[in-house]
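# Summary of the model geometry
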Protein chains: 2
Amino acid sequence: MSKRKISIEDIARKAGVSHSTVSRALRDSPLISAKVREEIKKLAQEMNYVPNAIAQSLQNQRTYTVGVIVTSIADPFFGELVEGIEQVARKAGLNVLLNASHGDFDQEIAAIENFHYRRVDGILVADSRIGKNHNKRLTQLTVPTVLINIDTEAHNETFHSVAIDDRLGGCVAVEHLLDLGHTRIGYIGVGDSSKADQQRLEGYHLALSQAKLSANQDWVAIPQRDSQTISDFDIGKQLLPQLVAAGVTGIFCYNDMVAVGALLACKELGISVPQDLSLVGFDNIALASYITPALTTVSQRMVEMGELAMTMLLDLFEEKAVDNILLSPFLVKRGSTTQVSKAKKISNYIEVKI
Amino acid sequence: MSKRKISIEDIARKAGVSHSTVSRALRDSPLISAKVREEIKKLAQEMNYVPNAIAQSLQNQRTYTVGVIVTSIADPFFGELVEGIEQVARKAGLNVLLNASHGDFDQEIAAIENFHYRRVDGILVADSRIGKNHNKRLTQLTVPTVLINIDTEAHNETFHSVAIDDRLGGCVAVEHLLDLGHTRIGYIGVGDSSKADQQRLEGYHLALSQAKLSANQDWVAIPQRDSQTISDFDIGKQLLPQLVAAGVTGIFCYNDMVAVGALLACKELGISVPQDLSLVGFDNIALASYITPALTTVSQRMVEMGELAMTMLLDLFEEKAVDNILLSPFLVKRGSTTQVSKAKKISNYIEVKI
DNA sequence: CTGTTAGCGCGTTCAC
DNA sequence: GTGAACGCGCTAACAG
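Note on numbering: residues in each chain are counted from 1, in written sequence order. Chain labels run from A onward and ligand labels from 1 onward, assigned in the order the entries are written. Residues qualify for local features only when their pLDDT is at least 70, as the model is predicted, and side-chain atom pairs are given and counted only at 80 or more; totals for whole chains, interfaces and linings, by contrast, use all residues. Computation of side-chain values: all heavy atoms of the structure, hydrogens and water removed.

The next thing to look at is the interface of chain B and chain A. Facing 52 residues of chain B, the contacting portion of chain A comprises 53 residues. A simple way to read buried area is as the amount of 1.4 Å-probe accessible surface that goes missing from two parts once joined, with both sides added. When chain B packs against chain A, close to 4600 Å² is buried across both sides, 57% of that on carbon and sulfur atoms. Interface area lost by chain B to chain A is led by Ile 54, Arg 119 and Tyr 290 of chain B, which between them contribute 15%. Here, a salt bridge means any Lys or Arg side-chain nitrogen found within 4 Å of an Asp or Glu carboxyl oxygen. Between the two partners, chain B and chain A, sit zero salt bridges. Definition of a polar contact: a pair of N or O atoms within 3.5 Å, with one able to donate and the other able to accept a hydrogen when the atoms are protein atoms, and with sequence-neighbouring residues admitted only if both atoms are side-chain atoms. Seen at the junction of chain B and chain A, the total is 30 residue pairs in polar contact (both at pLDDT 80 or more). Helix and strand definitions follow DSSP, with helices as H or I runs of at least four residues and strands as E runs of at least two, each counted in order from the N terminus. Listing elements by their share of the side of chain B that touches chain A, those giving two or more residues are helix 4 (53-60), helix 5 (76-91), strand 2 (95-100), helix 6 (105-117), helix 10 (256-269) and helix 11 (286-290) of chain B. Residue contributions to the side of chain B that touches chain A peak at seven residues, all from helix 5 of chain B. In this classification, the charged set is Asp, Glu, Lys and Arg, the nonpolar set is Ala, Val, Leu, Ile, Met, Phe, Trp, Tyr, Cys and Pro, and all remaining amino acids, among them Gly, are polar. Taken together, the residues of the side of chain B that touches chain A break down into 25 nonpolar, 18 polar and nine charged. Where strand 2 (residues 95-100) of chain A and strand 2 of chain B come together, three bridges link them in antiparallel fashion. What sits directly across from Leu 98 of chain A, in strand 2 of chain B, is Val 96 of chain B. Residue contacts are counted whenever heavy atoms from the two residues lie within 4.5 Å of one another. At least two bridges found by DSSP between two strands is the condition for calling them paired.

Given below as structure tokens:
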């Protein structure tokens, strides 16, 4: 196996033609006679010729490569997202260059500079941790860019984006509980200052007020964030008791891990789900369907978001006009929610116990 | 924002020097006087100069890019793997080009050709579904390549690899049950013809024979694969009863999803884990720690495998000699296993029930 | 120390 | 139809 790769010059020499003839023949130029074209193609095949994308890129000024920035690839969410991105990218003949930011803003900037350096054709940024105050610096972008699930007030002209409608998701979750007859409904948040947390809470309030129910301060539990970072699971576990004590019969949790934590707390307190308490999560992670009882939850659509974002980028390449996308999440009904009934007795139970 | 990027020629013109002086200055060549070097660097800064990696690559014959092939990025396992790869790649100044094969051999070949076309410096292949009969074609590889968790008889010279020691993993799982006093131990496999399934079963037998226990045919359950593809979860759920009927007090499951399925079957049958039956999984997926009871399992080390594979590739770049790596999995003890005791009564229980 | 020149491999005028 | 020549942006060998 020869060390150096075959170039069009090599095959031109062997064919007794010039390198530009070879170039044309391989690209099916109509300027070339059918005969020599086939001849050259055959020769290229035999010589194991593999065109050099680098040289082509230098000429075309296109790399057929998109840069993707995610917080962490190990996070199954971003895994699904990248899956969607990669699929439509590959179908369009593009490749994905992957960078992880680990939620660090400096690393995100470094990743963008790296992508500029490598002359990617477009950039996709999906970094839940980057707050809105940061992304101003992204303005320096000179290549088409799509933001995924990132909050920006300047969504309008400068940025293109696709995101999940968290407010609607919160609504959907709470409406489900309302439909089941619940009126005392709580929310457990995580208290990072993310768009998601805020908007899901907004959706919660919205659904309640649409049902003419007044919100009760005690039904909303959000941890203090000055202390140690705490896992979502532990948040659910620790905050559940106070909501139960406040007499709720249903709880909408910020996400599935919070709900799972809450569920475990229920088990330890002897509260049975869903008979005594209904729980709704958010995200629809794999775990949600395997736990007992299986978790009713609002489903993210990460693969789809990836596909849409990449498709949007392709449109931008062709300079089409694109509209930002706000994806509607949908409810997945499972075993952790049911009709409210004798459930109201729980609060007494707890009060006795405390 | 100017459309065309700044080149070293642009800044050379402005500085009144030649482009090669600029090139040297920016690369800290000792041939350049400190004065003009600083001057040029400042100018480059002001003009927002970003070097062109494509042009550099064409010159260096290196792209500082590695190609990574995985079955599916959405699979959390591969997510962790890529996480490990990306981290050490980035530290070494390399970028990751990602391709998914979806277990399709043709797509895998296409991915490799694509990587050749793009002149990556090295390739990492992690594709559990590709059998040993296929990878002969990988021999055409002309760039340094490391195989991850792929079975090859030709591991020796041609291929470099890092893999998990499934046989040892099986041993470790069964030895744990033996240590707890179990003597009637079962295995639930999945019956794909993968290296993993075969070797974990081998480990199971090895541990039993080392303990001077004779294996019982009825204690090993492996589904027929001619029918529909069936999820690991359902395999565990469906095969559990027959093992319990055969009187086992402990079961080593091919992986965690199988174990979770088995666990659910236990719940439905009124068998309590671990009091009546001990379960050991494999993989240590996130779910394993959240389910009740938390699952004792043999842990994969995917992030580490990614790091090691990428590090090996870096060594290959420097033409160092490298040894193939066989990673030892380790046991994570949790709630689904305990001392054998009155457990033997289960078999009777089942027999009565059937 | 700095400028000139020659490629890296390919696509694309512009002549013939 | 085909070849010669130029340029994409950069590094390196060779002059001075």
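Once the structure has been displayed, the description carries forward.
Put simply, a residue is near a molecule or strand once any heavy atom of it comes within 4 Å of that molecule or strand. Taken together, the neighbourhood of DNA strand D is formed by 26 residues, with Thr 21 and Gln 59 of chain A together with Ile 8, Ser 23 and Tyr 49 of chain B sitting nearest. Near the protein, meaning within 4 Å, the atoms of DNA strand D are sugar or phosphate in a fraction of 63%, with bases accounting for the rest. The separation between a phosphate oxygen of DNA strand D and a polar main-chain atom of Ser 33 of chain A is 3.3 Å. One of the side-chain N or O atoms of Gln 61 of chain A is found 3.2 Å from a sugar or linking oxygen in DNA strand D. Of all the elements in the fold, those that place two or more residues in the surface near DNA strand D are helix 2 (19-26) and helix 4 (53-60) of chain A together with helix 2 (19-26) and helix 4 of chain B. Class assignment of the residues belonging to the surface near DNA strand D gives a composition of nine nonpolar, 14 polar and three charged.

It is worth spelling out the UniProt feature "domain: HTH lacI-type" (unreviewed entry) in chain A at this point. Here, UniProt's "domain: HTH lacI-type" (unreviewed entry) annotation points to residues 6-60 of chain A. With 67% helix and 0% strand, residues 6-60 of chain A has end C-alpha atoms that lie 20 Å from one another. UniProt positions are given in the numbering used here, feature names are shortened, and annotations may be inferred rather than shown by experiment.

On to the pattern of salt bridges. Under the defined criterion, the tally for this structure stands at 24 salt bridges over all chains. Taking the shortest distance from any N to any O, the salt bridge between Asp 10 of chain B and Arg 13 of chain B comes out at 3.5 Å. Of the two residues, Asp 10 of chain B and Arg 13 of chain B are both situated in helix 1 (residues 8-15); the distance of three residues between them amounts to about one turn of the helix. Put simply, Lys 41 of chain B and Asp 28 of chain B hold a salt bridge, and the shortest N to O gap is 2.7 Å. On the criterion of sequence distance, the pair formed by Lys 41 of chain B in helix 3 (residues 34-46) and Asp 28 of chain B in the loop between helix 2 and helix 3 is long-range, its members being 13 residues apart. The classification of residues rests on relative accessible area computed with a 1.4 Å probe and restricted to protein chains. Under 20% of the type maximum is buried, over 50% is exposed, and intermediate values are partly exposed. Accessibility expressed as a relative area gives 28% for Lys 41 of chain B, which makes it partly exposed. Relative accessible area serves as the criterion here: at 42%, Asp 28 of chain B is assigned to the partly exposed category. The network of salt bridges with common partners includes Asp 28, Arg 37 and Lys 41 of chain A.

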